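Per-entry structural report
Here's the letter readout for the chains.
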2 protein chains.
Amino acid sequence: MARLPTLAVVGATGAVGTVMLELLSARKNHWGEIRLLASPRSAGRKLVCRGEELTVQGLSAEAFDGVDVAMFDVPDEVSAEWAPVAVARGAIAVDNSGAFRMDRDVPLVVPEINPEQVRNRPKGIIANANCTTLAMIVAIAPLHREYALRELVLASYQAVSGAGQVGVDTLHDQLSKVAGDRALGSRSGNVRQAVGDDLGPFPAPLALNVVPWAGSLADSGWSSEELKLRNETRKILGLPDLKVSATCVRVPVVTGHSVAVHAVFGSEVDAEGAREALRNAPGVILVDDPAQGEFPMPIDAVGTDPSWVGRIRRSMDDPRALDLFVTGDNLRKGAALNTAQIAELLAPEFAAR
Amino acid sequence: MARLPTLAVVGATGAVGTVMLELLSARKNHWGEIRLLASPRSAGRKLVCRGEELTVQGLSAEAFDGVDVAMFDVPDEVSAEWAPVAVARGAIAVDNSGAFRMDRDVPLVVPEINPEQVRNRPKGIIANANCTTLAMIVAIAPLHREYALRELVLASYQAVSGAGQVGVDTLHDQLSKVAGDRALGSRSGNVRQAVGDDLGPFPAPLALNVVPWAGSLADSGWSSEELKLRNETRKILGLPDLKVSATCVRVPVVTGHSVAVHAVFGSEVDAEGAREALRNAPGVILVDDPAQGEFPMPIDAVGTDPSWVGRIRRSMDDPRALDLFVTGDNLRKGAALNTAQIAELLAPEFAAR
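Residues numbered from 1 in each chain as written. Chains lettered and ligands numbered in written order. Predicted model: local features only at pLDDT ≥ 70, side-chain atom pairs only at ≥ 80, totals over all residues. Heavy atoms only, no water.

In the nomenclature of an unreviewed UniProt entry, chain A is known as Aspartate-semialdehyde dehydrogenase of Polymorphospora rubra. UniProt lists a comment for chain A under the heading Subunit (unreviewed entry), and it reads "Homodimer." Of chain A, the UniProt comment under Catalytic activity (unreviewed entry) reads exactly: "L-aspartate 4-semialdehyde + phosphate + NADP(+) = 4-phospho-L-aspartate + NADPH + H(+)". (UniProt positions renumbered as here; feature names shortened; annotations may be inferred.)

If you want it as structure tokens, here you go:
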């Protein structure tokens, strides 16, 4: 009988790690042992996965011994240090951080789009894309295949859980402070005063506000998040000259990143043809009936696997352009789910050994 | 001594009317009598303007007798019926509704951009633009003068007060229901259930959500709000062939409409040149220092007159394109303020009579 590979989940106690354990419990099983790793202060915690209680181990080189695939849901600097350690101990690393995404020797994989790239991994590392990129690109790739993508103009509506559990706690704290004061947000009510100084990981209050900033400051006024959308989309689609302009905005939503997309193609488009391409696309659910109140929204997409796509319109002034709106669960497809899907693409390699 | 003209405020008791009375009290005075008009059920209410208590009168043809300028802050169908009545009684009508904006014989005026158009009013009616158009166009016009605008791609973040006081009440009600339940908006918490069936004027819950819909369904999947952005921008700037694609989205903000703007011009742009043009532009405040957490946001723009503009970047892949973010108070510049400014442009005509 074929051996089932051993999987390590690094960062098992975080916001994405928690979703990962749910996914591993609910999806078709591909794994023998599942080993949970986290920072030493979390060692000893008990977590349930596949109905079994597992004890979290502290991250160490030895902890990767015997591991076939190691999934990393940790900050960039932790991945940068530990993914190569996992590889040195014999594992394939699937990394959800930004540490390796733009490395030429690391494939950036979205299983619905470029699954074949998992075999092209000279460093033994495979990267998972940014959560905003993932929500959008699953819907754009089928349209690219149909019409040949030339340019994207993107505006995001990003949830606070993209900044981790501390982001979620910050929004809930702020909402408790503003709820009940009906003057707030109007000319007579001061949201900054009501919210106070605790802004958590954000540069401004999120309650009753939108904040046109996510990530860190990069060149020429661009945010790191905006550059990720451009660079990762180019790499995943294999379009190094794709024109991309993005504005990333944080909104008072807990989970579910949305993107307003203006996509220009090489050939003429039509809205019904685009809908047909999306109806048949993997990882996409089409919700496009405004007369019935059907369009993609975070409160519906949260907890689901696909990217929700709707509001599909051909631009009135350009027969080669489409406007649409996409929402995806940033903790699932935007993080844990895509990582799990990549790892599952690797599992058959071990069965064949 | 020159006679001061008589002003009528039609819709004095509504959300925009309330802001209008504050503005008329705070701005340099141009008016003799100010007459407050509203639906018959509001007749007899006492409101304060310029420190005086005034009694609201019911709307009737006779109520316009002796009125020089009549400002309308009422729904489309009320304006359509009553603005011509005011004109027939000798007034100039300044209308904030959508009833006359695209009428060839009605100028659409933004005082910072095309003030001379107030004289070109064959029907005696002057229209005020849509609130989302106004927030954006005050910032775009100076850039158009500098670089010659060719195309706009817009994504909006619209506040609930754009749907009137009932929109504000709906959001506050929903926030009271979701505040304190920390599972909501995460995979385990159902926002639709918590909010219940009372969605007010919106097609979906706004608390912990974004709703990619505003207005009514127009042709080919476009919303009326998206068409307004295109048609009004073309008319105000005098660019009948301007390419415009807009996606309008409602967000859980009380007051302050924001727009992510991608603007393509006829000539090369640079971000610092654009900032300089905006620094010197009327009705604009430049807030563009991300390193210091300075960007335009609804919680700062609410209660202020100008459009707040920032996040100005030259597109990385097109030297003729700029990306920026704009926020304006939809009840002030987006409605009452622009109407008051138009009326003030008319006041000197009466002094000269």
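1. Re the sheet that holds strand β14 (residues 321-328) of chain A
All names here are of chain A. Taking strand neighbours across the sheet as the criterion, the six strands line up as β10-β9-β11-β14-β13-β12 in an open arrangement whose pairing is mixed. Single-partner strands in this sheet number two, and they are β10 (243-247) and β12 (284-286). In this sheet, neighbouring strand axes are inclined to one another by 25° on average, regardless of whether the strands run parallel or antiparallel. Looking at chain direction, β12 and strand β13 (residues 307-314) are connected through three bridges and run parallel. (Pairing = 2+ DSSP bridges. Helix = DSSP H or I, 4+ residues; strand = E, 2+ residues; numbered from the N terminus. Axes fitted to C-alpha atoms, helices over the stretch in contact; angles between N-to-C directions.)

2. Looking at the sheet that holds strand β9 (residues 149-157) of chain B
All names here are of chain B. Read across the open sheet, the six strands follow the order β10-β9-β11-β14-β13-β12; overall the sheet is mixed. The open sheet is flanked by β10 (243-247) and β12 (284-286), the only strands paired with a single partner. Each adjacent strand pair in this sheet contributes to an overall mean axis angle of 25°, direction not counted. The strands that helix α6 (residues 224-237) touches are β9 and β10; relative to β10, the one it contacts most, it runs at about 145°. Against the sheet, helix α7 (residues 271-279) makes contact with β12, β13 (307-314) and β14 (321-328), and its axis sits at roughly 165° relative to β13, the strand it touches most. (Contact = heavy atoms within 4.5 Å.)

3. Some words on the relation of the copies chain B and chain A
What connects the two chain copies is a rotation about an axis and a shift along it. When chain B is fitted to chain A, the best match, at an RMSD of 0.0 Å, comes from turning it 180° and sliding it 0.0 Å along the axis. With respect to symmetry, the two chain copies, as superposed, fit the operation of a two-fold axis. Comparing interface residues between copies, 100% of those in chain B also sit at the interface in chain A, which points to an isologous, same-surface contact. (Least-squares fit on C-alpha atoms with pLDDT ≥ 70 in both.)

4. Quick word on the pattern of salt bridges
One pass over the full model with this rule turns up 54 salt bridges over all chains. Of the charged contacts in the structure, one is a salt bridge between R35 of chain B and E33 of chain B, with a shortest N-O distance of 3.0 Å. Among the residues examined, E33 of chain B registers a relative accessible area of 39% and is labelled partly exposed. Among the ionic pairs, R275 of chain B bridges to D288 of chain B, the shortest N-O distance being 2.7 Å. Remark: D288 of chain B occurs in the loop between β12 and α8 (298-301) and R275 of chain B occurs in helix α7; sequence separation between them is 13 residues. Neither R275 of chain B nor D288 of chain B differs from the other in exposure class; each is buried. One connected set of salt bridges, linked through shared partners, spans E272, R275, E276, R279 and D288 of chain A. (Salt bridge = Lys/Arg side-chain N within 4 Å of Asp/Glu carboxyl O. Buried < 20%, exposed > 50% of the residue type's maximum accessible area, 1.4 Å probe, protein only.)

5. Structural notes on helix α7 (residues 271-279) of chain A
Looking at α7 of chain A, one finds that the buried residues are A271, G273, A274, R275, A277 and L278 of chain A. At its buried positions, α7 of chain A is contacted by α3 (131-147), β12, β13 and β14 of chain A.

6. Overview of the interface of chain B and chain A
Facing the 78 residues of chain B at the interface are 78 residues of chain A. Taken as a group, R182, R187 and I299 of chain B account for 12% of the area that chain B buries against chain A, more than any other trio of residues on that side. Scanning the region where chain B abuts chain A turns up 16 salt bridges. Here D169 of chain A makes a salt bridge to R182 of chain B, at a shortest N to O gap of 3.8 Å. (Buried area = accessible area lost by both parts, 1.4 Å probe.)

7. Digging into the domain arrangement of chain A
The extent of an interface is frequently quoted as the accessible surface area lost upon association of the parts. Residues and elements named next belong to chain A. Split into domains, chain A comes out as domain 1 (7-128 + 335-351) and domain 2 (133-330). Taking the mean C-alpha position of each, domain 1 and domain 2 sit 26 Å from one another. In this complex, domain 1 contributes 16 residues to the contact, which on the side of domain 2 involves 15 residues. Across the interface of domain 1 and domain 2, roughly 1300 Å² is buried in total on both sides, 65% from carbon and sulfur atoms. Where domain 1 meets domain 2, there are two salt bridges. A salt bridge links E232 to R101; the nearest nitrogen and oxygen atoms lie 3.1 Å apart. Elements represented by at least two residues in the side of domain 1 that touches domain 2 include exactly α1 (15-26) and α9 (332-351). (Domains from an automatic or database assignment.)

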